[in-house]
Amino acid sequence: MASLSLIWPLILFLLQVASGDGRSFTVDKQRDCFCKDGACFQYIAGSIHYFRVPRMYWRDRLRKMYMAGLNAIQIYVPWNYHEPSPGHYDFTGPRDLEAFIRLAQGLGLLVILRPGPYICAEWDMGGLPAWLLQKPSILLRSSDLHYLTAVRRWFSVLLPKMRELLYENGGPIISVQVENEYGSYSVCDYNYLRQLHTILRHFLGNSVVLFTTDGNRVNELNCGTLQGIYATVDFGTNDNVSSSFQIQRQYEPRGPLVNSEFYTGWLDYWGMEHSVVATDNITRMLSEMLSLGASVSMYMFEGGTNFGYWNGADHSTKYQPVTTSYDYDAPLSEAGDVTAKLYSIREVIRKFREIPIGPMPPDIPKYAYGIVSLTKLGQLLDMLDVFTRAGPVESIYPLTFEEMNQYFGFMLYRTRLKKSFPQPTPLISPLNGVNDRAYVFVNGIYQGFLQRDDILAINITGRAHDRLDIVVENMGRVNFGTDVNDFKGLISNLSLGSDVLVDWQIFSLDIDGAVEAGAEQLRADRAAPWSAGPSGQGPAFYTGSFVSLQAQDTFVRLEGWTKGQIWINGFNLGRYWPVRGPQQTLYVPANVLSTSAPNLIVLLELERPASSLDLKFLDRPVLKMP
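Residues numbered from 1 in each chain as written. Predicted model: local features only at pLDDT ≥ 70, side-chain atom pairs only at ≥ 80, totals over all residues. Heavy atoms only, no water.

Draft legend 1. Representation of the overall build of the chain. If you tally the helices and strands in the chain, you get 13 helices and 34 strands. Rg of the C-alpha trace for the chain: 25 Å, near the compact-globule value of 25 Å for 626 residues, within the 12% margin. Counting only residues that meet the buried cut, the chain has 62% of its 626 residues in that class. Relative to all contacts within the chain whose residues are 6 or more apart in sequence, the contacts with residues 24 or more apart total 79%. Of the roughly 23000 Å² of accessible surface on the chain, a fraction of 52% belongs to carbon and sulfur atoms. (Helix = DSSP H or I, 4+ residues; strand = E, 2+ residues; numbered from the N terminus. Rg over C-alpha atoms; globule rule 2.2 N^0.38 Å. Buried < 20%, exposed > 50% of the residue type's maximum accessible area, 1.4 Å probe, protein only. Contact = heavy atoms within 4.5 Å. Areas by Shrake-Rupley, 256 points an atom, 1.4 Å probe, with all protein chains shown as cover.)

This is the structure in structure tokens:
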């Protein structure tokens, strides 16, 4: 017989859907609390990103969050994930936001909605669509007319879907955030916040609780808050609870104390140590906040994965892209495994509210498929016709990704040398205009790479009329701070010696589309026999396959490989960069795998392949450098 704790959320869900009459969620400034249906209410929430978790695992992750004792979840909505090009919207399959919210409600969880339009989230461009940059002068996150027009159009599609899911209408959404940590953005445009406030009220009504979130510093709340929107703060274990909430009280003298992002872990950047936040610090501070009656949302409760090209980047000092894994050292791992940190948090929650009765759902099975040997398909330049069916665009000076209407992946810039350079001559990006990495060839022979903020020149030689090819990789747009308008490609001129390079052919490379067609099609379409280049270096494709009698989660390790992108059965798992670290494996969810045909691997290695041309599938992740 099913336990009551399993049946009750479903009964509650059906009753809620039947009628929204009498339901209310408000800020009670007399009792310094949230008021839910007339009674003071304290939420204990956790953040989860539906866009970083395979849809087949949404229920598993949400169920574990419910069984951990949470009564709410907090979710972002990435605009660029749902409107990939202007006016084209996608809310299907893994983007079915309404299905995710209803699933959470059916499992007994309330929802705190953070629709942006800017979300940060260490997501490409903070969730803003890159096509906004087709107007180079646009001032993002401001009352710039072109920006606000796009925001209104997006919200006119998104918010009507959310209105019927508000708590007062029988749904689970109890509050909605206005923008995100706006006080950390230098523009400080109060008119922008007012217009967002007006748009949200227009589509969501006057009853739903609207709130802002900013760091626990006065200067951040100065620009991030607005009268009529409830101000909350966020902080982690390096901060003091009392002093942080005193900052909130300067802006909200009465009402609930709220930490909208209590950091259970932190993100990883390529080339940095794997982030870890001590469990004892989390449980001590969580207990202190809950004892004060504060509502808390833990960021993250499960991080998930930056599949494909979706990772963001930081540029506080220099450009630092975020890793593919967004494990975040969270209570639920990247693959949804329950950690000791989760059980410790649950014991704290148990002191403040009743924990659901019943077992924690088990971890999803993992399988080590072992070693798979790859073979070389060809050099990227030799397969150019496969990726550029439309041919090049010609321009005197380089065009950006955005000007070429390509927002992710790779582009090729090609020109001819105007004169001979018999001695090593510096190819220079004088204005630091390579965003983000440029792989350089002369007559098809790989020379090395330029890299944003780090490597601005390399020496090359060549003769007049030699072909100069530069493959530029977009490694993820900046997601935080003043550089969020992060153009990609060659964003300024290159020089060879004292000569500015001109007369470019620019090729958009549709690598993902070609890979989805399969490696055999790639092999058949290859335009010419491949040239190895010196020591087999430079961007090249490799392929292999393996059989899985049962499709189970696994982790692919690319030991010995340098840097690149990997697909399985046409699905882009993300970037690998084991020599930079800390991440050594990529998460492969079971839904990517096939049991009826060999699983086809395609690897784009950008620099230097492993000597063995092997990779290995493990039953556990490796997120730290050995």
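After that view, the rundown keeps rolling.
Draft legend 2. Expanded view of the packing of aromatic side chains. Summed over the entire model, instances satisfying the criterion amount to 40 aromatic pairs. For the pair Phe 307 and Phe 571, a centre-to-centre distance of 5.2 Å together with 70° between the ring planes defines the contact as edge-to-face. Taken together, the residues span a long stretch of sequence, with Phe 307 in the loop between strand S11 (295-302) and strand S12 (313-314) and Phe 571 in strand S31 (residues 571-576) at a distance of 264 residues. Using a relative accessible area of 10% as the deciding quantity, one classes Phe 307 as buried. Aromatic side chains Tyr 367 and Tyr 369 sit 4.7 Å apart centroid to centroid with 70° between the ring planes, which places their arrangement in the edge-to-face category. Its relative accessible area of 14% is what places Tyr 369 among the buried residues. Members of the aromatic cluster, each reached through a chain of ring pairs, are Tyr 50, Phe 51, Trp 58, Tyr 81, Phe 100, Trp 123, Trp 310 and Phe 408. For the cation-ring pair, Arg 95 lies above Tyr 81, with the distance from its terminal atom to the ring centre recorded as 4.0 Å. Over the ring of Phe 449 we find Arg 437, and its NZ or CZ is 3.8 Å from the ring centre. (Phe/Tyr/Trp six-rings, centres within 6.5 Å; stacked < 30°, edge-to-face > 60°. Lys NZ or Arg CZ within 6 Å of the ring centre and 35° of its normal.)

Draft legend 3. Structural detail: helix H9 (residues 279-291). Spanning 13 residues, H9 covers 18 Å between terminal C-alpha atoms, matching the ideal 18 Å at 1.5 Å per step. If you check which residues of H9 are buried, you get Ile 282, Thr 283, Met 285, Leu 286, Met 289 and Leu 290. Structurally, H9 contributes buried residues whose contacts are with strand S4 (44-48), strand S9 (230-235), helix H8 (241-251), strand S10 (258-263), S11 and helix H10 (340-350). Looking at the residues trailing H9, positive phi occurs at Gly 293, about 85°. (Expected span 1.5 Å × (residues − 1).)

Draft legend 4. Representation of the environment of Gly 116. Structurally, Gly 116 is set in the loop between strand S6 (110-114) and helix H5 (145-163). In this structure, the C-alpha to C-alpha distance between Gly 116 and Pro 598, residues 482 residues apart in sequence, is 41 Å. Beyond its immediate chain neighbours, meaning those up to four positions away, Gly 116 contacts Phe 155, Gln 177, Val 178 and Glu 179.

Draft legend 5. Examining the nonpolar core more closely. Counting 113 residues, the largest nonpolar core has Leu 62, Ile 73 and Leu 140 as the members making the most contacts within it. If you tally residues by element for this core, the top one is H5, at 9 residues. Contacts of Ile 73, omitting those with residues within four sequence positions, involve Ala 45, Gly 46, Ile 48, Leu 62, Met 65, Phe 100, Ala 104, Leu 109, Leu 110, Val 111 and Ile 112. Core analysis: the second largest hydrophobic core is formed by 26 residues, Leu 381, Leu 384, Val 471 and Leu 604 among them. (Core = buried A, V, L, I, M, F, W, Y, C linked by side-chain atoms within 4.5 Å.)

Draft legend 6. Structural context of unusual backbone geometry. Between Gly 116 and the following residue, Pro 117, the backbone shows a cis peptide bond with an omega angle of 20°. Mapped onto the elements of the fold, Pro 117 is located in the loop between S6 and H5. In this structure, Asp 453 takes a positive phi of about 70° despite not being glycine. Residue position: Asp 453 is located in the loop between strand S21 (445-451) and strand S22 (457-462). In this structure Asp 453 comes out as partly exposed when scored by relative accessible area, which is 24%. Positive phi values are uncommon outside glycine, yet Asn 569 reaches one of about 50°. Along the chain, Asn 569 falls in the loop between strand S30 (564-568) and S31.

Draft legend 7. Representation of the state of the cysteines in the model. One pass over the full model with this rule turns up 2 disulfides. Between Cys 33 and Cys 40 runs a disulfide, and the two sulfur atoms are separated by 2.0 Å. Disulfide Cys 33-Cys 40: the torsion about the S-S bond is -65°, which places it as left-handed. By relative accessible area, which is 42% here, Cys 40 ends up partly exposed. One disulfide bridge connects Cys 188 with Cys 223, the sulfur atoms lying 1.9 Å from each other. Here the S-S torsion is close to -90°, and the disulfide linking Cys 188 with Cys 223 is therefore left-handed. With Cys 188 in the loop between strand S7 (173-177) and helix H6 (190-204) and Cys 223 in helix H7 (residues 218-224), this residue pair connects regions lying 35 residues apart in the sequence. (Disulfide = S-S within 2.5 Å.)

Draft legend 8. How the structure looks around the layout of surface pockets. Of the pockets and cavities examined, the largest pocket occupies roughly 1000 Å³. Looking at the largest pocket, it is lined by 40 residues, and the ones nearest its centre are Tyr 81, Arg 95, Gly 308, Tyr 309 and Trp 310. Taken together, the elements giving at least two residues each to the lining of the largest pocket come down to helix H3 (79-82), helix H12 (511-516) and S31. No other element matches H12, which puts 4 residues into the lining of the largest pocket. Its residues placed into classes, the lining of the largest pocket shows 21 nonpolar, 11 polar and 8 charged. Looking at the second largest pocket, its volume works out to about 680 Å³. Listing elements by their share of the lining of the second largest pocket, those giving two or more residues are S9, S10 and S12. Each residue belonging to the lining of the second largest pocket can be placed in one class, and the counts come to 14 nonpolar, 10 polar and 8 charged. (1 Å grid on protein atoms, 1.4 Å probe; cavity = no way out; pocket = protein on both sides within 12 Å on 5 of 7 lines; lining within 4 Å. Points joined across faces, edges and corners; volume = space filled by probe spheres on them. Nonpolar A, V, L, I, M, F, W, Y, C, P; charged D, E, K, R; others polar.)

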